[in-house]
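# Geometric and topological summary
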Amino acid sequence: MDEQPRLMHAHAAVGMSGHPGLSQHITDNTGATDGDGRKQDIGDILHQIMTITDQSLDEAQARKHALNCHRMKPALFNVLCEVKEKTVLSIRGAQEEESPDAQLMRLDNMLLAEGVSGPEKGGGSAAAAAAAAASAGVGADNSAEHSDYRAKLTQIRQIYHTELEKYEQACNEFTTHVMNLLREQSRTRPISPKEIERMVNIIHRKFSSIQMQLKQSTCEAVMILRSRFLDARRKRRNFNKQATEILNEYFYSHLSNPYPSEEAKEELAKKCSITVSQVSNWFGNKRIRYKKNIGKFQEEANIYAARTAVNAASVSAHGSQANSPSTPNSAGETILHVFLTNMFLFTSDSNGFGSLWVCCLEIVFPFD
DNA sequence: CTAAATGATTCCAC
DNA sequence: GTGGAATCATTTAG
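All of these numbers come straight from a predicted model, not from anything done at the bench.

## Some thoughts on the protein's contact with DNA strand B
Around DNA strand B, 12 residues are found, and the nearest of them are Arg236, Gln278, Asn281, Asn285 and Arg289. At the protein interface, 51% of the atoms of DNA strand B within 4 Å belong to sugar or phosphate. In the model, a phosphate oxygen of DNA strand B is placed 3.4 Å from a nitrogen or oxygen of the tryptophan 282 side chain. Here a base oxygen of DNA strand B and a side-chain polar atom of arginine 289 are 2.6 Å apart. Tallying contributions element by element places helix 12 (residues 276–292) first for the surface near DNA strand B, with five residues.

Structure representation (structure tokens):
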């Protein structure tokens, strides 16, 4: 590798030896005031340079070896290294000390959280599982979307790991190469182990910046995938009939206070095979839509009130139900309960008496 | 195909 | 954090 420059110098020397008149002319001019001894030295050196190609490779190696084995060589080497350290390396070392560690750590944490880095757990991630759980609860309809998400995440994961491995390999190869080169060169020029170490650090920094870019783009890819997946969650499915009935039953039997507690929500979620937040959404929607148009929901209210009443009656017939103000226990009480509840809702509303009376008539009608 | 229904999201106030 | 209100996006009924 480093044979090339030597050969080029050799050619140059040969070229000069082809024009002895020129070199002679130079030495004549410069040596005129310095005396003959100095002129002679320069002439010797030139001669040595010009005849260097005549030396065999073995001879050159022997000279090199002799130089390396010289007892003053380590001392000279150290001095040169020191000088170099003071002049060049101090300047180089001073710059570029800002640490992108915080950003790298953030990226690492994110990749770990998304399941891209870290141990493979069945190809899925905790975040994906959580997202899936939130999206459709126990519903099996969601599994196709979920597996799609997982497949894409696995793809990203694979690309990430392949690239990472490639970078690491390239980094190691390059580092080894540079280290070998510097070690080799340290025999002919002042390169201390410290400088080699520094060079390795520089290489690692450069490669880790590439790695950071890889991590960043992987994060972006995961984010895009995730946002698409979250968008896909808007592709909702209506709850099944049974779930809707359970929710409606609760709603109409607690019409005076249709705000299920956290425990009640959990219970309903379990019964309906949906999530607690879906229960909350449902009640939120139901309350606002019911309040907006009570008349429209009256029929539904009556159906569920009657149903609750029948249930309550059958339960009370068994004499085992604890009475509660919000859970009427006979058909008459239930309908009265709905009536009073609507009275309450309407009078607290600004819709006026017209709709109130329509509502009342509709409710009272079943008494006949 | 259209309108209504419905689950989810967002923004705001408390 | 929770609920009300408005709105979005999709499904369903006619």
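Still more to cover.
## Comments concerning the protein's contact with DNA strand C
Inspection of the region around DNA strand C gives 11 residues, with Arg236, Asn238, Tyr259, Arg287 and Ile288 positioned closest. Put simply, 82% of the atoms of DNA strand C that lie within 4 Å of the protein are in sugar or phosphate. The contact in question runs from a phosphate oxygen of DNA strand C to an N or O atom on the side chain of lysine 265, over 3.5 Å. In the environment of DNA strand C, a base oxygen lies 3.3 Å from a nitrogen or oxygen atom belonging to the side chain of arginine 289. For the surface near DNA strand C, the element with the highest residue contribution is helix 12, accounting for five residues. Taken together, the residues that form the surface near DNA strand C break down as two nonpolar, one polar and eight charged.

## A look at the pattern of salt bridges
Per the stated rule, a full pass over the model turns up three salt bridges. Across the salt bridge formed by lysine 215 and aspartate 108, the nearest N and O atoms sit 2.7 Å from each other. Here aspartate 108 lies in helix 6 (residues 101–114) and lysine 215 lies in helix 9 (residues 193–233), a separation of 107 residues in the sequence. Residue aspartate 108 is classed as partly exposed on the basis of its relative accessible area, which comes to 28%. Glutamate 300 is the salt-bridge partner of lysine 286, the closest N and O atoms lying 2.6 Å from each other. Here glutamate 300 lies in helix 13 (residues 294–317) and lysine 286 lies in helix 12, a separation of 14 residues in the sequence.

## A closer look at unusual backbone geometry
Non-glycine residue serine 273 carries a positive phi angle of around 60°. Structurally, serine 273 is set in the loop between helix 11 (262–272) and helix 12.

## Comments concerning helix 10 (residues 241–253)
Structurally, the α-helix is built with 3.6 residues per turn, so residues lying three or four positions apart point the same way. With 13 residues, helix 10 ought to run about 18 Å at 1.5 Å a step, and its terminal C-alpha atoms sit 18 Å apart, in line with that. Within the span of helix 10, buried status applies to Ala243, Ile246, Leu247, Asn248, Tyr250, Phe251, Tyr252 and Ser253.

## Regarding the side chain of threonine 175
Looking at where threonine 175 falls in the secondary structure, it is placed in helix 8 (residues 143–185). With near-sequence residues (within four places) excluded, threonine 175 lies in contact with Val200, Ile203 and His204.

## Remarks on the packing of helix 10 against helix 12
Interaxial distance between helix 10 and helix 12 falls to 11 Å at its minimum, and their mutual angle equals 55°. Here helix 10 lies oblique to helix 12, going by the angle between them. Where helix 10 crosses over helix 12, the handedness of that crossing is right-handed. Here Thr244, Leu247, Asn248, Tyr250, Phe251 and Tyr252 of helix 10 come into contact with helix 12, specifically with Val279, Trp282, Phe283, Lys286, Arg287 and Tyr290.

## Details of the packing of aromatic side chains
Using the criterion set out here, one finds 10 aromatic pairs in the structure. Taken together, a centroid distance of 6.2 Å and an interplanar angle of 85° make the contact between phenylalanine 251 and tryptophan 282 edge-to-face. Of the two residues, phenylalanine 251 sits in helix 10 while tryptophan 282 sits in helix 12, which places them 31 residues apart along the sequence. Each member of the pair, phenylalanine 251 together with tryptophan 282, is buried. Geometrically, the ring pair formed by tyrosine 252 and tyrosine 290 is edge-to-face, given 5.8 Å between the ring centres and 70° between the ring planes. Placement of the pair is tyrosine 252 in helix 10 and tyrosine 290 in helix 12, with a sequence separation of 38 residues. In textbook terms, an aromatic cluster arises when at least three aromatic residues are bridged by ring pairs, as seen for Tyr250, Phe251, Tyr252, Trp282, Phe283, Tyr290, Phe297 and Tyr304. Across from the ring centre of phenylalanine 251, 5.9 Å away, lies the NZ or CZ of lysine 286, which sits over that ring.

## Here's the deal with the environment of valine 279
Within the secondary structure layout, valine 279 lies in helix 12. For the pair valine 279 and alanine 243, spaced 36 residues apart in sequence, the C-alpha separation works out to 10.0 Å. When near neighbours in sequence (up to four residues on either side) are disregarded, valine 279 contacts Leu247, Lys265, Leu268, Ala269 and Ile274.

Calculation rules
Residues numbered from 1 in each chain as written. Chains lettered and ligands numbered in written order. Predicted model: local features only at pLDDT ≥ 70, side-chain atom pairs only at ≥ 80, totals over all residues. Heavy atoms only, no water. Near = heavy atom within 4 Å. Polar contact = N/O pair within 3.5 Å; in protein donor to acceptor, adjacent residues only side chain to side chain. Helix = DSSP H or I, 4+ residues; strand = E, 2+ residues; numbered from the N terminus. Nonpolar A, V, L, I, M, F, W, Y, C, P; charged D, E, K, R; others polar. Salt bridge = Lys/Arg side-chain N within 4 Å of Asp/Glu carboxyl O. Buried < 20%, exposed > 50% of the residue type's maximum accessible area, 1.4 Å probe, protein only. Expected span 1.5 Å × (residues − 1). Contact = heavy atoms within 4.5 Å. Axes fitted to C-alpha atoms, helices over the stretch in contact; angles between N-to-C directions. Parallel < 35°, antiparallel > 145°, perpendicular 65-115°, else oblique. Left-handed = near helix turned anticlockwise from the far one by under 90°. Phe/Tyr/Trp six-rings, centres within 6.5 Å; stacked < 30°, edge-to-face > 60°. Lys NZ or Arg CZ within 6 Å of the ring centre and 35° of its normal.

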